[in-house]
Amino acid sequence: MFNALVVDKDDDGKTHAAVKELSLDDLPHAEVTVAVEYSTVNYKDGLCIGPGGGLVRNYPHVPGIDFAGTVEASDDDRYKPGDKVVLTGWRVGEAHWGGYSQKARVKADWLVPLPKGLDTRQAMAVGTAGLTSMLSVMALEDHGLEPGHGPVLVTGAAGGVGSVAVALLASLGHEVAAVTGRPEQEAYLRDLGATQIVAREELTEVTRKPLESELWAGCVDAVAGAMLGRVLKQMKYGTSVAAVGLAGGAAIEGALITPFILRGVNLLGIDSVMQPFANRQRAWERIARDLPMDKLEAMVQPATLSDLPKLGGDILKGQVKGRVVVDLN
Ligand code: NDP
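Everything numeric here is computed off the predicted structure, so don't read it as measured data. (Residues numbered from 1 in each chain as written. Predicted model: local features only at pLDDT ≥ 70, side-chain atom pairs only at ≥ 80, totals over all residues.)

1. Some thoughts on the overall build of the chain
This is how the line gets drawn: Helix and strand assignments follow DSSP, with helices taken as H or I runs no shorter than four residues and strands as E runs no shorter than two, numbered in order from the N terminus. Put simply, the radius of gyration uses C-alpha atoms, and a globule should come to 2.2 Å times the residue count raised to 0.38. Around each residue's C-beta, the other C-beta atoms within 10 Å are counted; 20 or more make the residue buried, 12 or fewer make it exposed, and counts in between make it partly exposed. All C-beta atoms are placed from the backbone. Our contact criterion uses C-beta atoms placed from the backbone: two residues qualify when those atoms are within 7 Å.
Helix and strand counts for the chain stand at nine helices and 15 strands. The C-alpha atoms of the chain give a radius of gyration of 20 Å, which matches the 20 Å a tight globule of 329 residues would have. In terms of principal-axis extent, the alpha carbons of the chain reach across some 60 × 45 × 35 Å. Relative to its 329 residues, the chain shows a buried fraction of 48%. Partitioning the intrachain contacts of the chain with sequence separation of at least 6 by distance along the chain shows that 70% fall at a separation of at least 24.

Shown next, in the form of structure tokens:
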């Protein structure tokens, strides 16, 4: 028997999340059984711990869109008992049972071997959010970003994606400008490596201006909404924005075609969920190499399974700072 956070739905349609005991027979059929050591809390987890946001197909459901642990049993040649693995994406924790459980059973295709230099706790301090930050930085680099080009803007900076992006970019030698709606997080962001703090309000007014002064050499945007509309008009000539999230709304308000056709700005879509294996592996190896582990540790807020119902609500309200690490040991 082992513990898991199980979300169930009443006849009246209301969902309830509680820690319950499950057995191996309760787990779905798949090739690899993993003893989960750590998981984390993402925006999607907040939805799936709560009413589901349309992501969960069937109840009872075990949320947790990412986890890291040790293989216990495997019917696939790529993995054997004792291997350390990490899983993000593939709709695990949404359409499939996820990582808020001391045991998980998943497809071998969904796993990535943990790179050397990263343990399972650090992997979940990074989590889907940090992997996505790395994929964003890789996309910006692939489109020409280099240290010395000027400040790189990170929006939603005190959140999970933003915190890891700030630390990564700073350690790679970039000047980092961090946008936050929480001025009390300035010291935290400067410790991660931000050299400039931009107040959220400076970028939330929708304007009809075709272009603004050229300020940013790149951007990792976790917010979208009015902020992305403004940021696009402030990009330097020929630079790129990695569009990651929608914490400020799904539309790009006030956006015009002008930054694209007059400044050659690129908007690069970043998806971590269906990302091919080779790029995931490359990103995890880059994380192990480029992300300073002391900065990562400074982002961590520890938690256990029983903390998750509250944390799920907090992340939906934008109240989680940095990265939550859920200990399942
Ligand atoms: P967090 O909640 O940890 O961070 C989001 C941050 O955005 C907040 O901390 C806050 O930062 C800022 N924010 C929140 N609400 C608003 C608002 N109304 N206007 C402006 N800024 C706001 O979430 P994550 O970092 O984990 O995820 C960020 C986004 O990225 C989410 O939309 C998530 O769904 C998406 N995502 C996408 C992935 C992909 O594969 N493309 C993978 C992972 C996440 P501050 O307080 O500093 O202002």
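2. Quick word on helix 2 (residues 120-142)
Threshold: Any helix carries an expected span of 1.5 Å times its number of residues minus one. Bend angle per residue: angle between axes fitted to the 7 residues ending at that residue and the 7 residues starting there.
With 23 residues, helix 2 extends only 28 Å from end C-alpha to end C-alpha; this falls clearly short of the ideal 33 Å at 1.5 Å per step. Roughly 70 degrees is the biggest bend found in helix 2, and it falls at Gly-127. With respect to burial, helix 2 is a largely interior element, 19 of its 23 residues being buried. Two residues or fewer past helix 2, Gly-144 is found with a positive phi of approximately 105 degrees.

3. Quick word on the site of the ligand
Worth spelling out the cut-off: Working rule for contacts: place C-beta from the backbone, and if it is within 6 Å of a molecule or strand, that residue counts as near it. Under the scheme applied here, ten amino acids are nonpolar (Ala, Val, Leu, Ile, Met, Phe, Trp, Tyr, Cys and Pro), four are charged (Asp, Glu, Lys and Arg), and all others, including Gly, are polar. Throughout the structure description, domain borders are defined by an automatic or database domain assignment.
Contacts to the ligand come from 31 residues, most closely from Gly-156, Ala-158, Gly-159, Gly-245 and Gly-248. Contributions of two or more residues to the shell around the ligand are made by helix 2 and helix 3 (160-171). Split into classes, the residues belonging to the shell around the ligand amount to 15 nonpolar, 13 polar and three charged. Two domains each put at least three residues into the shell around the ligand: domain 1 (2-114 + 296-327) and domain 2 (128-269).

4. Topic: the environment of Pro-302
When you line up the elements, Pro-302 lands in strand 14 (residues 300-303). Leaving out residues up to four positions away in the same chain, Pro-302 has contacts with Val-325 and Asp-327.

5. Some details on the domain arrangement of the chain
Interface size is often expressed as the accessible area that is lost when the parts come together. As assigned here, the chain comprises domain 1 (2-114 + 296-327) and domain 2 (128-269). In terms of residue count, the dominant contributor to the side of domain 1 that touches domain 2 is helix 8 (residues 293-299) (three residues). Classifying every residue of the side of domain 1 that touches domain 2 by side-chain character gives four nonpolar, five polar and three charged.

6. Notes on the packing of helix 2 against helix 3
Worth spelling out the cut-off: Axis geometry follows a simple rule: fit a line to the C-alpha atoms, using only the stretch in contact for helices, then measure angles between N-to-C directions, giving values from 0 to 180 degrees. Working definition: roughly parallel below 35 degrees, roughly antiparallel above 145 degrees, roughly perpendicular at 65 to 115 degrees, and oblique for all remaining angles. Each helix crossing is assigned a hand: it is left-handed if the near helix lies turned anticlockwise from the far helix by less than a right angle, otherwise right-handed if that turn is clockwise.
Viewed as axis vectors pointing N to C, helix 2 and helix 3 meet at an angle of 50 degrees, and their least axial separation amounts to 8 Å. In terms of orientation, helix 2 and helix 3 fall into the oblique class. Classified by chirality, the crossing of helix 3 by helix 2 is right-handed. Contacts between helix 2 and helix 3 involve Val-126, Gly-127, Ala-129, Gly-130, Thr-132, Ser-133, Met-134, Ser-136 and Val-137 from the first element and Gly-160, Val-161, Val-164, Ala-165, Leu-168 and Leu-169 from the second.

7. Considering unusual backbone geometry
Here the amide bond leading from Tyr-59 into Pro-60 is cis, since omega sits at -5 degrees, within 30 degrees of zero. Assignment of secondary structure puts Pro-60 in the loop between helix 1 (43-49) and strand 4 (66-74). Residues other than glycine seldom take positive phi values, yet Ala-224 does so here, at roughly 55 degrees. With respect to the secondary-structure elements, Ala-224 resides in the loop between strand 11 (218-221) and helix 5 (225-233).

8. What to know about the nonpolar core
The line we're drawing: Nonpolar core, as used here: buried Ala, Val, Leu, Ile, Met, Phe, Trp, Tyr and Cys residues forming one set through C-beta atoms within 7 Å.
In terms of nonpolar packing, the biggest core is built from 102 residues, with Val-154, Val-166, Ala-178 and Val-231 touching the most fellow members. Per-domain counts for this core show at least three residues from each of domain 1 (2-114 + 296-327) and domain 2 (128-269). Non-local contacts of Val-231, meaning those with residues more than four positions away in its chain, are made with Leu-153, Thr-155, Leu-203, Trp-216, Cys-219, Asp-221 and Val-241.

9. A few points about helix 9 (residues 308-316)
Where we set the bar: Arc definition: directions from the helix axis to the C-beta atoms.
Taken as a whole, helix 9 has its buried residues at Leu-308, Leu-311, Gly-312 and Ile-315. Along the long axis of helix 9, the arc covered by the buried residues comes to 105 degrees, so they all point the same way. Within two residues after helix 9, Gly-318 carries a phi angle of roughly 70 degrees, on the positive side.

10. What about the UniProt feature "domain: Enoyl reductase (ER)" (unreviewed entry) in the chain?
So the rule is basically this: UniProt positions are given in the numbering used here, feature names are shortened, and annotations may be inferred rather than shown by experiment.
According to UniProt, the "domain: Enoyl reductase (ER)" (unreviewed entry) feature falls on residues 10-326. Between the C-alpha atoms that bound residues 10-326 there is a distance of 27 Å. The span itself is 30% helix and 22% strand.

11. Side note on the sheet that holds strand 12 (residues 240-243)
This is how it is decided: Two strands pair under a simple rule: DSSP has to find at least two bridges between them.
Taken together, six strands build an open sheet; the order of strands is 10-9-8-11-12-13 and the sheet is parallel. Of all the strands in the sheet, the pair left with one neighbour each is strand 10 (196-199) and strand 13 (266-269). Sheet twist, expressed as the mean angle between neighbouring strand axes with direction ignored, is 20 degrees. The sheet contact formed by strand 8 (residues 152-154) and strand 11 spans three bridges and is parallel. Paired with Val-152 across the bridge in strand 11 is Gly-218.

12. Examining the environment of Leu-5
Relative to the assigned elements, Leu-5 resides in strand 1 (residues 2-9). Once the C-alpha coordinates of Leu-5 and Ser-74 are considered, the two residues, 69 residues apart in sequence, prove to be 24 Å apart. Non-local contacts of Leu-5, meaning those with residues more than four positions away in its chain, are made with Ala-17, Val-19, Val-62, Pro-63, Tyr-100, Leu-305 and Leu-308.

13. A few points about the pairing of strand 1
Pairing analysis gives eight bridges linking strand 1 to strand 2 (residues 15-22), with the strands arranged antiparallel. Paired with Asn-3 across the strands is Glu-21, a residue of strand 2.

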